[in-house]
Protein chains: 2
Amino acid sequence: MTDATKTARRSIWAWGNESDEPTEAERRAEADRLSALSGRPVEAKPLPTTGSIALRPPRVRVPAALAPFCHSDDYHRASRTYGRSFVDRVRAVNGDYAHPPDVVARPREEDEVRAVLEWCSDAGHVVIPFGGGSSVVDGVNPPAAADSVVTLDLGEMNEVLTVDTTSRAARIQAGALGPHLEAQLKPHGLTLRHFPQSFEHSSLGGWIATRSGGHYATNHTHIDEFVESLRMLTPAGVMESRRLPGSGAGPSPDRLAIGSEGALGVITEAWMRLQKRPQYRASAGVTFGSWEAAYRGVLQVVQAKLWPANLRLLDPLEAQTAAGLDGSRALMVVGFESGDAPVGGLMRQAIAIAREAGGAVDDEEILIDDGGGAPTGREGAVGTWRKSFITGPYDANRRMGLGLVADTFETAITWDRWPAFDAAIREAVGRVLDETLDAPTLSCRFTHVYPDGPAPYYTFSGIGRQGAEIEQFHAIKRAASEAVIAAGGTITHHHAVGRQHRPWYDQQRPELFASALRAAKRELDPNGVMNPGVLIDP
Amino acid sequence: MTDATKTARRSIWAWGNESDEPTEAERRAEADRLSALSGRPVEAKPLPTTGSIALRPPRVRVPAALAPFCHSDDYHRASRTYGRSFVDRVRAVNGDYAHPPDVVARPREEDEVRAVLEWCSDAGHVVIPFGGGSSVVDGVNPPAAADSVVTLDLGEMNEVLTVDTTSRAARIQAGALGPHLEAQLKPHGLTLRHFPQSFEHSSLGGWIATRSGGHYATNHTHIDEFVESLRMLTPAGVMESRRLPGSGAGPSPDRLAIGSEGALGVITEAWMRLQKRPQYRASAGVTFGSWEAAYRGVLQVVQAKLWPANLRLLDPLEAQTAAGLDGSRALMVVGFESGDAPVGGLMRQAIAIAREAGGAVDDEEILIDDGGGAPTGREGAVGTWRKSFITGPYDANRRMGLGLVADTFETAITWDRWPAFDAAIREAVGRVLDETLDAPTLSCRFTHVYPDGPAPYYTFSGIGRQGAEIEQFHAIKRAASEAVIAAGGTITHHHAVGRQHRPWYDQQRPELFASALRAAKRELDPNGVMNPGVLIDP
């Protein structure tokens, strides 16, 4: 799939880099396949390039002092026009670049960030903090109504600045993307181990600003727990917290910045808690005869607080499509890992609980590496699922804009309400899918699990009408979001609010908290230039 | 020590209830002992009673509608004049009740709380939310400068309202004190397991408002982690968060209320995450030949992330005075517990790491209860320490105001800075102790430990001058606080900020965060009546 003539630059439309874009021939083949499947004509229009799309002229003149790191060329502006939501991807592949930023600033040091914020706050230009650009919630898109937009791309500030091997922590610049961040930690025997699906194309600052959910399926699930301190530049100045392993001194300053989605300022660096690279691992896939039996089993395992690194659950459909099972059984993936102590004992305890709850796994499929390097977790159903998790967003590049409508949404709910919640979601979303798409599917997995409830992640897809995908998507997304909020869930467990989730977030968060947040924003961003429209209106 | 004629009412001056007050004879005996020890006369003045102290008349007239639950009698006002800091206790035992609240409101339901807030906000009366009254940081004291003060005692709202055994959570009213809260959970086989030293005399709402540190020495150390959702009444209305096991929807509303110390509103109830009552336990005391070897051993154990429920470390002096060791060795107390799975395997792993780091423990002193009820943790050095931890504050009732100066302060610091930090604290505090007190002692233990650093808790005591204890205390406290902040620590790990820690908190928290918090306060408490002076000034 990789074309050697293409570069490692971010694609203006596809998930990943230009080298991840499919060929026109691949697109045509996919169009033909979908046309045959749907019985309707499907056209593979030419893929967008900076040469083929027409961007409006920049509406902003960059001050001379900032010119060395500010860009208004078509490539910079087109490649920062969108995040990677379904709507973004359809618009982009169709060549709709109606609202690009006017300028892409790529500061190389904090003084340059400060200069951009001062300029924009004074001149009233909207500032969009931008890390890897993988937002799926309309979090990095220039608002259509804005008169002038400067996208502040932190990508040049990507260094691990200090490593404290004693405390297992490091000071890291916010623009570091996952692989580059991990590559810098590796020589120290340390790892952040924050592996969202977007890992290759998302940044530390983005993870913190959006409360990203990561590698660990239990216990410390969000990036929140790994922030030791952080530094955020705002139009009103710097907000930097003290580096501490724990504190009880008033409401946590970090927790105001964590999840602020660029609306209060731009995170420039953070001290992050790290892990020793794992050398002990254990992994197993446990199957259950029904979805109900499976989630009751997961409840038993998570409430024992053995804190497995991995504890994912795939419903029978998802276990079939993503992990190669036969469609009749659900799959629990359970794994432990440690850099310091063997995990076989914990694994045996978890398996005993899962079996007691009706789970099936052969002894020889419980893979335990007690430090010798035995393979774990990359074979069988577990390995198949892992592979499809990583390649999924790339695979969609071939199909985007050819009439398929597919996306995911995620939430969290307490166990007592879970069975009714799941039924309500499947009913409401199932109905809108039936009304909207041909051959629709809806499946569920748990991405993270808590002693008091799961974080379910629903995936839907079906054959829509080419050209109407966005409208069809919105009908489904609206029904799903309404059902999630009505049934007591959160509008997002780890994808952030952005602009896409605003109507439902506004119902979810306490009104007085929104007042407090708006008041805080007026202090930190008095002219209201920071990412307007995410989380709150001024 | 218990006098049957005395009641279970809160003492107006002593730690605990009236039944915990010493007799005049016990006080005289203690005065004689301290006089002999110091070579100075020590007088056991008569203990204060509501009959012996002169309170200023109430300056507030209670509206008739609120009269049924508002009290202005001497007992109510005297017993809510102070928290239980060293300064509070000395003032109280000396009969100094210069600044009592004018009214003690004891609402029985939320509508009555709302009525008090409306009344006070409109009339400009200061409101002091009050749970168990155990604050050691001047968090519940009527400010001397206030013209009128209503203390809002939540004690009548103390019920567990709903228990969700499936999710292991309960909705609990904020006024519930520790023992009453646990007694209501016990029939359900559940427990909050939040056991600060103040457990008997502190409330759920107080724990949340002050970010109390609890039972668990690792992983989930603060009450913060156990809050599933909460409800806070403010002069501007109700702020209630959605009950969720996890969320990534914007900055956490709960984290604004958690640690707000009554300055934004009064927490009336919360959904709390609970534990199944433990049936598997393991406990051991491991000794080390030096403080340095001991804390290096703790670092090794905590970084293995086995997440022991207990992982405390006593320096050689504290191991001697509180756990009966010989003064040459430090003591690590390590314990595991679970309601669901045996913990012997984890214990053996922790012990192996501690021994590898130079720790000594006999095999037969590693106590493991795999569900059969074998005794763990209440014998030997571990049991001795546990007993002195619980009785300590009561024992001090006999000595308070007789010339002794003794207190504790606590903080947290990352491991890389810890040895220099400890040296700096011991140097600075040792010097001021030598200058201020006779026969001073200074010792340290870790109350909570994180993979990236310990939470050290320093205890000092010595013989001061009767009548000058408060001034002497302030000299020591000031030197300790300055040293903590200068060396990079937090002014409090789990005792809160209150008014006592304000000068150093003001140096610690980011200035822009204080601006944001003040702005939030203006929204929630527009007339600035809520507990003024804690955390921030208006």
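Look a little higher up for the structure.
Residues numbered from 1 in each chain as written. Chains lettered and ligands numbered in written order. Predicted model: local features only at pLDDT ≥ 70, side-chain atom pairs only at ≥ 80, totals over all residues. Heavy atoms only, no water.

## A word on the environment of B:Glu337
Residues and elements named next belong to chain B. Following the sequence through the fold, Glu-337 ends up in strand 14 (residues 330–338). Ignoring any residue separated from it by four or fewer positions in sequence, one finds Glu-337 in contact with Arg-193, His-215, Tyr-216, Pro-278, Tyr-280, Arg-281, Ala-309 and Val-343. Separated by 2.5 Å, the side chains of Glu-337 and Arg-193 make a polar contact. A polar atom in the side chain of Glu-337 sits 3.2 Å from the side chain of His-215. (Helix = DSSP H or I, 4+ residues; strand = E, 2+ residues; numbered from the N terminus. Contact = heavy atoms within 4.5 Å. Polar contact = N/O pair within 3.5 Å; in protein donor to acceptor, adjacent residues only side chain to side chain.)

## Focus: the interface of chain B and chain A
If you look at the interface, chain B gives 86 residues, while chain A gives 86 residues. Roughly 6,400 Å² is buried in total at the junction of chain B and chain A, and carbon and sulfur atoms are behind 57% of that figure. It is B:Arg242, B:Pro251 and B:Leu512 that lose the most area in chain B upon contact with chain A, and together they represent 12% of the buried surface on that side. The tally of links from chain B across to chain A stands at six salt bridges. Ionic pairing is found between B:Arg522 and A:Glu523, a salt bridge with its closest N-O pair at 3.1 Å. Here chain B and chain A share 38 residue pairs in polar contact (both at pLDDT 80 or more) between them. (Buried area = accessible area lost by both parts, 1.4 Å probe. Salt bridge = Lys/Arg side-chain N within 4 Å of Asp/Glu carboxyl O.)

## So, the sheet that holds strand 1 (residues 70–71) of chain A
All names here are of chain A. Strands sit in the order 1-2-4-3 across an open sheet of four strands; the sheet is mixed. Sheet topology places strand 1 and strand 3 (126–130) at the edges, where each strand pairs with a single neighbour. In this structure, strand 3 lies alongside strand 4 (residues 149–153), joined through five bridges in parallel fashion. Residue pairing across strands places Val-126 opposite Val-149, the latter belonging to strand 4. (Pairing = 2+ DSSP bridges.)

## A short note on the packing of helix 1 (residues 24–38) of chain B against helix 11 (residues 380–399) of chain B
Residue and element names in this part refer to chain B. It is the contact of helix 1 with helix 11, at a shortest axis distance of 8 Å, that shows an interaxial angle of 80 degrees. In terms of their interaxial angle, helix 1 and helix 11 are classed as roughly perpendicular. Along the contact surface, helix 1 presents Glu-26, Arg-27, Glu-30 and Arg-33, while helix 11 presents Asn-397, Arg-398 and Arg-399. Split by residue class, the contact of helix 1 with helix 11 holds no nonpolar, one polar and six charged. (Axes fitted to C-alpha atoms, helices over the stretch in contact; angles between N-to-C directions. Parallel < 35°, antiparallel > 145°, perpendicular 65-115°, else oblique. Nonpolar A, V, L, I, M, F, W, Y, C, P; charged D, E, K, R; others polar.)

## As for the packing of aromatic side chains
Applying the stated criterion across every chain yields a total of 26 aromatic pairs over all chains. Between B:Trp291 and B:Tyr295, the aromatic rings sit 5.6 Å apart at their centres with planes inclined by 90 degrees, giving edge-to-face as the arrangement. Of this pair, B:Trp291 and B:Tyr295 are both found in helix 8 (residues 291–303), four residues apart, which corresponds to roughly one turn of the helix. The exposure class assigned to B:Tyr295 is buried, which follows from its relative accessible area of 8%. Plain terms: the ring middles of B:Phe409 and B:Tyr458 are 5.2 Å apart, the flat faces sit at 20 degrees to each other, and that makes the pair stacked. Of this pair, B:Phe409 sits in strand 16 (residues 404–410) while B:Tyr458 is found in strand 18 (residues 453–463), placing the two residues 49 residues apart along the sequence. For B:Tyr458, a relative accessible area of 0% puts it in the buried group. Through successive ring pairs, a cluster of aromatic residues spans A:Trp291, A:Tyr295, A:Trp415, A:Trp418, A:Phe421 and A:Phe446. One cation-aromatic arrangement involves A:Arg509 over A:Tyr505; the distance from NZ or CZ to the ring centre is 5.9 Å. When the ring centre of B:Tyr457 is taken as reference, the NZ or CZ atom of B:Arg445 above it lies at 4.3 Å. (Phe/Tyr/Trp six-rings, centres within 6.5 Å; stacked < 30°, edge-to-face > 60°. Buried < 20%, exposed > 50% of the residue type's maximum accessible area, 1.4 Å probe, protein only. Lys NZ or Arg CZ within 6 Å of the ring centre and 35° of its normal.)

## Quick notes on the pattern of salt bridges
Residues and elements named next belong to chain A. In total, this model carries 68 salt bridges over all chains according to the counting rule given. Residue Glu-156 is joined to Arg-106 by a salt bridge in which the shortest nitrogen-to-oxygen separation is 2.8 Å. Of this pair, Glu-156 sits in the loop between strand 4 and strand 5 (160–164) while Arg-106 sits in the loop between strand 2 (103–105) and helix 4 (110–123), and the two are 50 residues apart along the sequence. When the shortest N-O distance is used, the salt bridge between Asp-224 and Arg-255 registers 3.6 Å. You can see Asp-224 sitting in the loop between helix 6 (204–209) and strand 8 (227–234) and its partner Arg-255 sitting in helix 7 (residues 253–257), a full 31 residues away along the chain. Comparing Asp-224 with Arg-255 shows no difference in burial state: the two are buried. One network of salt bridges, in which partners are shared, links Arg-502, Asp-506, Arg-509, Glu-511, Arg-518 and Asp-537.

## A look at the relation of the copies chain B and chain A
Turning chain B through 180 degrees and shifting it by 0.0 Å along the axis lays it on chain A, with an RMSD of 0.0 Å. Look at the turn and shift together and you get a two-fold axis relating the two. When each C-alpha of chain B is compared by its distance to the rotation axis, B:Ala519 comes out closest, at 2.7 Å. In this assembly, 100% of the residues forming the interface of chain B have copies in chain A that are likewise at the interface, indicating an isologous arrangement. (Least-squares fit on C-alpha atoms with pLDDT ≥ 70 in both.)

## Things to note about the sheet that holds strand 13 (residues 310–314) of chain A
All names here are of chain A. Taken together, seven strands build an open sheet; the order of strands is 15-12-14-13-17-18-16 and the sheet is antiparallel. Each of the sheet's edge strands pairs with one partner strand only, and the pair in question is strand 15 (367–369) and strand 16 (404–410). Neighbour-to-neighbour, the strand axes of the sheet open up by a mean angle of 15 degrees, direction not taken into account. Bridge count between strand 17 (residues 438–450) and strand 18 (residues 453–463): ten bridges; the pairing is antiparallel. Paired with Leu-442 across the strands is Phe-460, a residue of strand 18.

## Regarding the side chain of A:Lys521
Residue and element names in this part refer to chain A. Following the sequence through the fold, Lys-521 ends up in helix 15 (residues 511–524). For Lys-521, a relative accessible area of 5% translates into the label buried. When neighbours within four sequence positions are excluded, Lys-521 is seen to be in contact with Ala-263, Leu-264, Pro-526, Gly-528, Met-530 and Ile-536.

## Focus on the pairing of strand 18 of chain B
All names here are of chain B. When you tally the buried positions in strand 18, you get nine out of eleven residues, the bulk of the element. The sheet contact formed by strand 16 and strand 18 spans seven bridges and is antiparallel. Opposite Glu-410, over in strand 18, you have Tyr-457 as the bridge partner. The hairpin formed by strand 17 (residues 438–450) and strand 18 contains two residues between the paired strands.

## Some details on the state of the cysteines
Under the definition given, this model contains zero disulfides over all chains. Left without a disulfide partner, A:Cys120 is nearest to the cysteine sulfur of A:Cys70, which lies 8.1 Å away. (Disulfide = S-S within 2.5 Å.)

## Looking at helix 5 (residues 178–185) of chain B
What helix 5 of chain B keeps buried is the set B:Gly178, B:Leu181, B:Glu182, B:Gln184 and B:Leu185. Mapping the buried residues of helix 5 of chain B onto a view down its axis gives an arc of 160 degrees, with all of them on the same face. (Arc of directions from axis to C-beta.)

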